[in-house]
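Fold and contact review
Listed below, chain by chain, are the residues.
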Amino acid sequence: MGAKVITVTSGKGGVGKTTTTANLGVSLARLNKRVVVIDADIGLRNLDVVMGLENRIVYDLVDVVEGRSKLRQAMIKHKQFPDLYLIPAAQTRDKTAVSPSDMVTICNKLREEFDFVLIDSPAGIERGFRNAIAPADEVLIVTNPEVSAVRDADRIIGLIEAENKGPARLILNRVKMEMIKRGEMLSAEDVTDILAISIIGIVPEDENVIPASNSGVPVTLNENSRAGVAFRNIARRLNGEKVDFMSLDNSGGIFQRLTRLFAGGQGNE
Amino acid sequence: MTGFFDRMLGRGKEPTASKAKERLQFVLVHDRINLPPERLKEMKEEILAVISKYVAVASDEVDIALEQRDRNQNRLIAEIPFSKSIDKKDDTHPSRHTATSKLMLDENDDLLLDDDDDIMETRRNMAATDNAVDGDLGDFDDD
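Everything numeric here is computed off the predicted structure, so don't read it as measured data.

Another aspect to go through is the overall build of chain B. Of regular secondary structure, chain B possesses 6 helices and 2 strands. Ordered by position from the N terminus, the helices and strands of chain B form the series α-α-α-β-β-α-α-α. Residue burial in chain B is summarised as follows: out of 143 residues, 5% are buried. Nonlocal contacts in chain B, meaning residues at least 24 apart in sequence, comprise 38% of its contacts between residues at least 6 apart.

Structure representation (structure tokens):
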């Protein structure tokens, strides 16, 4: 059985693509899946530090593309999960060092030996984004409940449909339930209404995320983190399980019911 | 939704989330068809200008709007009622006037044989009018 190639993208920068890719990679590895995560953000390498693997890099994606290293040599094994690998981006080159067909070739080689290949896309809609979605079997769009992030997500959804890579699924990141209750933040329902796509995860704002990145240990390994639970749930959904959306409201009120209702309506839960 | 209850209960601030939703829905309709609001306005004005060349439009009641059912189903819905004084206005409309003139000229062919000066005069004036509107009728005068 070949791997599923999943690209994580967003349009806007800073919404949590790299955090999401790292956490989904680790969460899928925890489910005993064989996983490769690829940093496709050439020139702005980051997935390595978020995953705590920055000191182990010898070769990178561009070295593989240009024949200086074998694919295996550029794959960095995770400290904790032996079936989780990172292929880092080059730090000193730009997006034009890699082409969409290079990405397809590399992913096709990985498909034989792995269950999931996750690609962390750069922000924007140019070459780096095209590289990242070229080999994708499925696209996940990360956004925040803010007008700028939602608008950019909409643009990306249109581009993904135009490339016949749709329908993409949405991850709504950095959700603050308290603000939604006060009517000061778009809810998951608002955002899926606006974007007209189905949602695969709702990740609450969580102060554990930044300390996790600080120490290079993805937050999903922190059992007390609510964001960590949300990422684990998304990984299980990617793995074909049915998982209820977690309640973001500690009082278990109307939001939970609405979310469940909505998830049922979308037919992906 | 919460914001709505807040407003009903007279507490809290303006619910900015619903404002964000409205603004996004508006701007995304335009983004998706790559037609900014100002260009759409120009297009509406041009459509109305064309229609007004042929019929009188009740401009106060015109409603032209973009409608989006889902991401890829966009349409322009236009309701353009004609002015209530349409009959009166139509009689004086140049294209209608031309049609009427032609009809009269055809009828006058028989009268022309009577060599009636008054009718000839009338006919010449009409032909002149028609020349202004439609050059093809110019030869008619020489029959």
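Here we come to the sheet that holds strand β8 (residues 199–204) of chain A. Residues and elements named next belong to chain A. Read from one edge of the open sheet, 8 strands run β3-β4-β2-β5-β1-β6-β7-β8, paired in mixed fashion. Edge strands, defined here as strands with exactly one partner in the open sheet, are β3 (76–77) and β8. Bridge count between strand β6 (residues 138–143) and strand β7 (residues 169–175): 4 bridges; the pairing is parallel. Within β7, the residue paired with Thr143 across the bridge is Leu172. Relative to the sheet, helix α8 (residues 188–195) contacts β6, β7 and β8, its axis offset from that of β7 by approximately 145°.

A few words now on the interface of chain A and chain B. Chain A puts 16 residues into the contact, and the matching count from chain B is 19 residues. Of all elements in the fold, only α6 (147–162), α7 (177–181) and α8 of chain A reach the threshold of two or more residues within the side of chain A that touches chain B. Counting residues per element, the side of chain A that touches chain B draws most heavily on α6(A), which supplies 6 residues. For the side of chain A that touches chain B, the per-class residue count stands at 7 nonpolar, 2 polar and 7 charged.

Moving on, we get to unusual backbone geometry. All names here are of chain A. Cis geometry is adopted by the peptide bond preceding Pro167, which originates at Gly166 and carries an omega value of -5°. In this structure, Pro167 sits in the loop between α6 and β7. The backbone of Asn164 shows a phi angle near 60°, a positive value even though the residue is not glycine. Residue position: Asn164 is located in the loop between α6 and β7.

Further remarks concern the packing of α6(A) against helix α2 (residues 16–33) of chain B. Between α6(A) and α2(B), whose axes approach to 10 Å, the crossing angle comes to 30°. On the basis of the axis angle, α6(A) is roughly parallel to α2(B). Between α6(A) and α2(B) lies a crossing of right-handed hand. Contacts between α6(A) and α2(B) pair Val147(A), Val150(A), Arg151(A), Asp154(A), Arg155(A) and Gly158(A) from the former with Ala20(B), Arg23(B), Leu24(B), Val27(B), Leu28(B), Asp31(B) and Arg32(B) from the latter.

Time to look at the nonpolar core. In this structure, Leu61(A), Val117(A) and Ile141(A) are the most contacted members of the largest nonpolar core, which totals 90 residues. With residues near it in sequence (within four places) discarded, Ile141(A) still touches Thr9(A), Ser10(A), Ala153(A), Ile156(A), Ile157(A), Ala168(A), Leu170(A) and Ile171(A).

All names here are of chain A. Across the 6 residues that make up strand β1 (residues 4–9), a large majority, 5, are buried. When β1 meets strand β5 (residues 116–120), the two strands line up parallel, connected through 5 bridges. Note that in β5 the partner of Lys4 across the bridge is Phe116. Across 4 bridges, β1 lies against β6 in parallel orientation. Across the sheet, the residue bridging to Thr9 is Ile141, located in β6.

What counts, and where the lines are drawn
- Residues numbered from 1 in each chain as written.
- Chains lettered and ligands numbered in written order.
- Predicted model: local features only at pLDDT ≥ 70, side-chain atom pairs only at ≥ 80, totals over all residues.
- Helix = DSSP H or I, 4+ residues; strand = E, 2+ residues; numbered from the N terminus.
- Buried ≥ 20, exposed ≤ 12 C-beta atoms within 10 Å, placed from the backbone.
- Contact = placed C-beta atoms within 7 Å.
- Pairing = 2+ DSSP bridges.
- Axes fitted to C-alpha atoms, helices over the stretch in contact; angles between N-to-C directions.
- Nonpolar A, V, L, I, M, F, W, Y, C, P; charged D, E, K, R; others polar.
- Parallel < 35°, antiparallel > 145°, perpendicular 65-115°, else oblique.
- Left-handed = near helix turned anticlockwise from the far one by under 90°.
- Core = buried A, V, L, I, M, F, W, Y, C linked by C-beta atoms within 7 Å.

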